[in-house]
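Okay, here's what each chain looks like letter by letter:
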Amino acid sequence: QVQLVESGGGLVQPGGSLRLSCAASGRTCTGYAMGWFRQAPGKEREFVARITWSGGSTYYADSVKGRFTISRDNAKNTVYLQMNSLKPEDTAVYYCTATGAYDYWGQGTQVTVSS
C-alpha cells in the first residue's frame, strides 16, 4: 500500500504564495510520474501540473502556467508545488498523484485564496 500525504495548504491572500508538499510512503514510487490535480466546490477535478520521475519534463494547465512550479526530490519521494501570484480562482482542494504501474491519490489539502 502506497500512501500520499499532502501538506502546506491553508489560507493566503490574493497575490500571495504557498508551497504544497506531497510525501509518498517509501521507495515504491521509483519511476513514477507525480503531479497535482485540484477540485473547487461544485466543479470537476482538473489537472494542474505533472512531473516525470527524472524531473526532465513538466506539464502545466494553462490556468497556472507562469505562476506555479512543480518539482520533486526523489530521495525523499516528495513532490512540491510552488504557487505564486495566487488568485481566488485557485481556491480548491489540491490532490497529489503518483502514476506508474499503479495509480495513487492523496486525500487532498485545502487551499483558500481570499482577502
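Up top is the structure.
Residues numbered from 1 in each chain as written. Predicted model: local features only at pLDDT ≥ 70, side-chain atom pairs only at ≥ 80, totals over all residues. Heavy atoms only, no water.

A.B. asks: Let's hear about the packing of aromatic side chains: which residues, and what values?
C.D. replies: Enumeration according to the criterion identifies three aromatic pairs in this entry. Aromatic pair Phe-37 and Phe-47: ring centres 5.7 Å apart, planes at 75 degrees, arrangement edge-to-face. Here Phe-37 is found in strand 4 (residues 33-39), whereas its partner Phe-47 is found in strand 5 (residues 46-51), with ten residues between them in sequence. Exposure remark for Phe-37: the relative accessible area of 23% places this residue in the partly exposed category. Taking relative accessible area as the criterion, Phe-47 reaches 31% and is therefore assigned partly exposed. The interplanar angle of 50 degrees and the centroid separation of 5.1 Å between the aromatic rings of Phe-37 and Trp-105 together place this pair among those described as tilted. Of this pair, Phe-37 sits in strand 4 while Trp-105 is found in strand 10 (residues 103-105), placing the two residues 68 residues apart along the sequence. The partly exposed category is assigned to Trp-105, whose relative accessible area is 40%. One aromatic cluster is present, built from ring pairs that chain together Phe-37, Phe-47 and Trp-105. Between the NZ or CZ atom of Arg-45 and the centre of the ring of Tyr-95, over which it lies, the distance is 4.0 Å. (Phe/Tyr/Trp six-rings, centres within 6.5 Å; stacked < 30°, edge-to-face > 60°. Helix = DSSP H or I, 4+ residues; strand = E, 2+ residues; numbered from the N terminus. Buried < 20%, exposed > 50% of the residue type's maximum accessible area, 1.4 Å probe, protein only. Lys NZ or Arg CZ within 6 Å of the ring centre and 35° of its normal.)

A.B. asks: Any details on the side chain of Ser-21? Residues and values, ideally.
C.D. replies: Topologically, Ser-21 is positioned in strand 3 (residues 18-24). A relative accessible area of 18% places Ser-21 in the buried class. Ser-21 has contacts with Val-5, Glu-6, Ser-7, Trp-36, Thr-78, Val-79 and Tyr-80, leaving out every residue within four places of it along the chain. (Contact = heavy atoms within 4.5 Å.)

A.B. asks: I'd like a rundown of the pairing of strand 5, residues and numbers included.
C.D. replies: Where strand 4 and strand 5 come together, five bridges link them in antiparallel fashion. Its bridge partner being in strand 5, Arg-38 is matched across the sheet by Glu-46. In textbook terms, the turn of a hairpin is the stretch between consecutive antiparallel strands, and for strand 4 and strand 5 this stretch comprises six residues, one of which, Gly-42, has a positive phi near 75 degrees. Strand direction decides the pairing type here: strand 5 and strand 6 (residues 58-60), joined by three bridges, are antiparallel. Its bridge partner lying in strand 6, Arg-50 is registered against Tyr-59. (Pairing = 2+ DSSP bridges.)

A.B. asks: Lay out the sheet that holds strand 3 with the relevant residues and their values.
C.D. replies: If you trace the four strands from one edge of the open sheet to the other, you get 1-3-8-7, paired in antiparallel fashion. Two strands lie at the open edges of the sheet, namely strand 1 (4-7) and strand 7 (68-73), each paired on one side alone. The mean inter-strand angle of the sheet, taken between neighbouring strand axes irrespective of direction, is 15 degrees. Bridging between strand 7 and strand 8 (residues 78-83) involves six bridges; their strand directions are antiparallel. Bridge pairing in strand 8 places Ser-71 opposite Tyr-80. (Axes fitted to C-alpha atoms, helices over the stretch in contact; angles between N-to-C directions.)

A.B. asks: Account for the pattern of salt bridges, naming residues and giving values.
C.D. replies: Within the structure shown, the criterion is met by four salt bridges. Residue Asp-62 is joined to Lys-65 by a salt bridge in which the shortest nitrogen-to-oxygen separation is 3.1 Å. Taking relative accessible area as the criterion, Asp-62 reaches 66% and is therefore assigned exposed. The shortest N-O distance in the salt bridge between Arg-67 and Asp-90 comes to 2.8 Å. Here Asp-90 lies in the loop between strand 8 and strand 9 (92-99) and Arg-67 lies in the loop between strand 6 and strand 7, a separation of 23 residues in the sequence. Here Arg-67 matches Asp-90 in class, with each residue buried. One continuous salt-bridge network, built from bridges that share partners, spans Arg-38, Glu-46, Arg-67 and Asp-90. (Salt bridge = Lys/Arg side-chain N within 4 Å of Asp/Glu carboxyl O.)

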